[in-house]
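Here's the letter readout for the chains.
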Amino acid sequence: MTVETESVISLAKNKRNLKRKNANQVLGYIVVWLCGIAALAMVFWIVGYVLSQGFQVINLEFLTTRPAGGVSGEGGMSTTIVTTLYLVILTIVIATPLGVGAAVYLVEYAEEASRGSKFIKLLVAAARTGVEILAGVPSIIFGLFGFALFVLYMKLGFSLLSASLSGAALILPTIIRTSEEALKTVPQSYRQASLSLGATKWHTISNVVLPTALPGIVTGIVLGVGRIIAETAIFWVTLGGSYFLPETIMNSGRTMALHVYSLASETRAFDKAMGTAAILIITIIVLNLAINLLSRRLTARITGKS
Amino acid sequence: MSSENNRLKFKIENLEVFYDDFRALKGISLDIPENVVTSIIGPSGCGKSTFLRAFNRMNDLIPNVSTRGSVIKGSEDIRKTDIVDLRKSVGMIFQRPNPFPKSIFDNVAYGPRAHGQKSMAALEEIVEQSLTHAALWDEVKDTLNKSALALSGGQQQRLCIARALAVSPDVLLMDEPASALDPIATLRIEDLIQELKKELTIIIVTHNMQQAARASDYTAFFNMDEDRAGYLVEWGQTSKVFTFPEKKLTEDYISGRFG
């Protein structure tokens, strides 16, 4: 074999290799695309199905009358919309100060405090681990805890208060962790600049650090709101399921998610379950869009790129 | 360098700073005259910034730092001064411009507000005065409500100077204030330093030998020993240190033979 033929052969080999590589490339491309499309199709299918089924029963009357109760599942869903709103507000009011406060402590104070004492260091480590573990605990466990502690032991009964306390416990880990991350991304140079002007540590935190971390903190709170709207089991055992509008925080109530569950499992009105589910899904989609917009606005205001 | 001045702003006696067991500064004794610019030069890692942070006790914020010796401001040991009063009277400018993510106005008003100034009229006056002193007023007077982060790097650094001036300090510490800026912005900062020294004592850490020669009246040269502890090689009037240094080491460093 001459050198030339050899090189021709190796060239052909290279070409074949290249072709095979190209084929692999194309195959990989197709698989990835199919996976992406399948995932999207699944979402659209579910959302589309629920919406199309749901809209067959949704009208003004459905939205503005309360459920009639009983196995027939007659009536609308008005009280469940309002109850969901009540529960969300009450839960956030309880969870936000606790969660953000804990995050501020962990990021701004814990290190300093644990330097002085081994005991506090241990305590802080335990708190961190606790938050991690809580984040992975199933919601029904929080429900059982809330049922035992708030409903029975503290005699709060099935009520908005019991439910929002349990709900706050459920979303605390989320709020703490997202707030912690947000606080950590605030540049150290901001803190130094503030302290070098003679501002106290607390003034620095409340006037520079927290405002800068706000978009991240808001994201955590909104994730919590989504969770409260969507959860069922935890509120089944703490909020009860009364379809009347709660008049005080000591009354029982029924969120949209609870209503879907009870319609679907205990009545013949499967169509109304679909209607309620459609409103639930729309609420969550709107919430997500609003959060996106809000956090972009906040970020733009903070970075000055409006 | 004409600023002949016998009054002292600071008297540093046998200052030592430790990070845990590591001695970062050893046996520093020197005087800082009032209303002049003193530059601190020396190779990287010789403790220049640590030294600067001793003047407003910013070292106290770093875990496990301990300080020995004394820094006397006027007639008082700064360790006995209330930390808020100390930091009000000793302002600091950092290496990278670090304006808060707030409006230009709110940045300058931050210090006075932190110290309880609530009157809007008073704040407006302080903001205008401080920005004028920092040679920034003409550029931003119509955009005081815009975010400070939209300013250029040089403008941001002058804003930080205005922010420091707003609490009426009598000393300004500058930690390589122009190292992140372009040459034009650097010159503006240096011009500004010349203006500010009429009313303020300025201590500036710099890597830039020309800057030290151009902008300062006194120069202190630091180096580090074999244990990496920073020590003072010599200090004096800049004209003297740069033309007739007492130590061979100073001459080698200034002429660029090491560092």
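Residues numbered from 1 in each chain as written. Chains lettered and ligands numbered in written order. Predicted model: local features only at pLDDT ≥ 70, side-chain atom pairs only at ≥ 80, totals over all residues.

1. Regarding the overall build of chain A
Move 1: Helix and strand content of chain A: eleven helices and two strands.
Move 2: The secondary structure elements of chain A, listed N-terminal to C-terminal, are α-α-β-β-α-α-α-α-α-α-α-α-α.
Move 3: Computed over the C-alpha atoms, the radius of gyration of chain A is 27 Å, more than 25% above the 19 Å expected from 2.2 N^0.38 for a compact globule of 306 residues.
Move 4: By residue count, 35% of the 306 residues in chain A fall in the buried class.
Move 5: Across chain A, every contact between residues at least 6 apart in sequence was considered, and the portion connecting residues at least 24 apart equals 73%. (Helix = DSSP H or I, 4+ residues; strand = E, 2+ residues; numbered from the N terminus. Rg over C-alpha atoms; globule rule 2.2 N^0.38 Å. Buried ≥ 20, exposed ≤ 12 C-beta atoms within 10 Å, placed from the backbone. Contact = placed C-beta atoms within 7 Å.)

2. Remarks on the domain arrangement of chain A
Residue and element names in this part refer to chain A.
Move 1: Taken domain by domain, chain A consists of domain 1 (3-54) and domain 2 (63-303).
Move 2: Each of domain 1 and domain 2 was reduced to a C-alpha centroid, and the two centroids are 42 Å apart.
Move 3: Counting residues at the interface gives five residues for domain 1 and five residues for domain 2.
Move 4: Looking at the side of domain 1 that touches domain 2, its residues break down into three nonpolar, two polar and no charged. (Domains from an automatic or database assignment. Nonpolar A, V, L, I, M, F, W, Y, C, P; charged D, E, K, R; others polar.)

3. Let's talk about the nonpolar core
Move 1: Counting residues in hydrophobic clusters, the biggest one holds 132 residues, and the most contacted among them are B:Phe55, B:Ile93, B:Ala162, B:Leu172, B:Leu173 and B:Ile202.
Move 2: Broken down by element, this core gets its largest block of residues, 13 residues, from helix α6 (residues 160-184) of chain A.
Move 3: Not counting the four nearest positions on each side in its chain, B:Phe55 is found in contact with B:Phe10, B:Val71, B:Val90, B:Val171, B:Leu173 and B:Ile203. (Core = buried A, V, L, I, M, F, W, Y, C linked by C-beta atoms within 7 Å.)

4. Quick look at the packing of helix α3 (residues 78-116) of chain A against helix α8 (residues 201-230) of chain A
Residues and elements named next belong to chain A.
Move 1: Where α3 contacts α8, the two axes come as close as 9 Å, and the packing angle between them is 140°. One way to sum up the angle between α3 and α8 is to call them oblique. When the axes of α3 and α8 are compared, the crossing they make is right-handed. Facing α3, whose interface residues are Thr84, Leu87, Val88, Thr91, Ile92, Ala95, Thr96, Val100, Val104 and Glu108, α8 presents Ile205, Ile217, Ile221, Gly224, Val225, Ile228 and Ile229. (Axes fitted to C-alpha atoms, helices over the stretch in contact; angles between N-to-C directions. Parallel < 35°, antiparallel > 145°, perpendicular 65-115°, else oblique. Left-handed = near helix turned anticlockwise from the far one by under 90°.)

5. Thoughts on helix α10 (residues 256-266) of chain A
Since the α-helix advances by 3.6 residues per turn, residues separated by three or four positions end up pointing in the same direction.
Move 1: Burial within α10(A) is extensive, with eight of its eleven residues counted as buried.
Move 2: Of the positions making up α10(A), those classed as buried are A:Met256, A:Ala257, A:Leu258, A:His259, A:Val260, A:Tyr261, A:Ser262 and A:Leu263.

6. As for the packing of helix α3 (residues 104-114) of chain B against helix α6 (residues 153-165) of chain B
All names here are of chain B.
Move 1: Relative orientation of the contacting elements α3 and α6 amounts to 35°, with a least axis distance of 7 Å. Here Ile104, Asn107, Val108, Tyr110 and Gly111 of α3 come into contact with α6, specifically with Leu159, Ala162 and Arg163.
Move 2: Among the residues making up the contact of α3 with α6, the classes are represented as five nonpolar, two polar and one charged.

7. Here's the deal with the interface of chain A and chain B
Move 1: Listed as interface residues are 16 residues of chain A and, on the opposing side, 25 residues of chain B.
Move 2: For the side of chain A that touches chain B, the elements supplying multiple residues, two or more each, are α7 (188-196), α8 and α11 (270-303) of chain A.
Move 3: For the side of chain A that touches chain B, the element with the highest residue contribution is α7(A), accounting for six residues.
Move 4: When the residues that make up the side of chain A that touches chain B are grouped by side-chain class, the tally is seven nonpolar, eight polar and one charged.

8. Overview of unusual backbone geometry
All names here are of chain B.
Move 1: Even without being a glycine, Glu176 presents a positive backbone phi close to 45°.
Move 2: Looking at where Glu176 falls in the secondary structure, it is placed in the loop between β7 (171-175) and α7 (183-196).
Move 3: Even without being glycine, Arg228 reaches a positive phi, approximately 65°.
Move 4: With respect to the secondary-structure elements, Arg228 resides in the loop between β9 (218-224) and β10 (230-237).
Move 5: Its 12 C-beta neighbours within 10 Å are what place Arg228 among the exposed residues.

9. Here's the deal with the confidence of the model for chain B
Move 1: Residues with a pLDDT of 70 or more make up 97% of chain B, whose mean pLDDT is 92.
Move 2: Scored as a whole, the predicted complex attains pTM 0.84, and scored at its interfaces, ipTM 0.91. (pLDDT = per-residue confidence, 0-100.)

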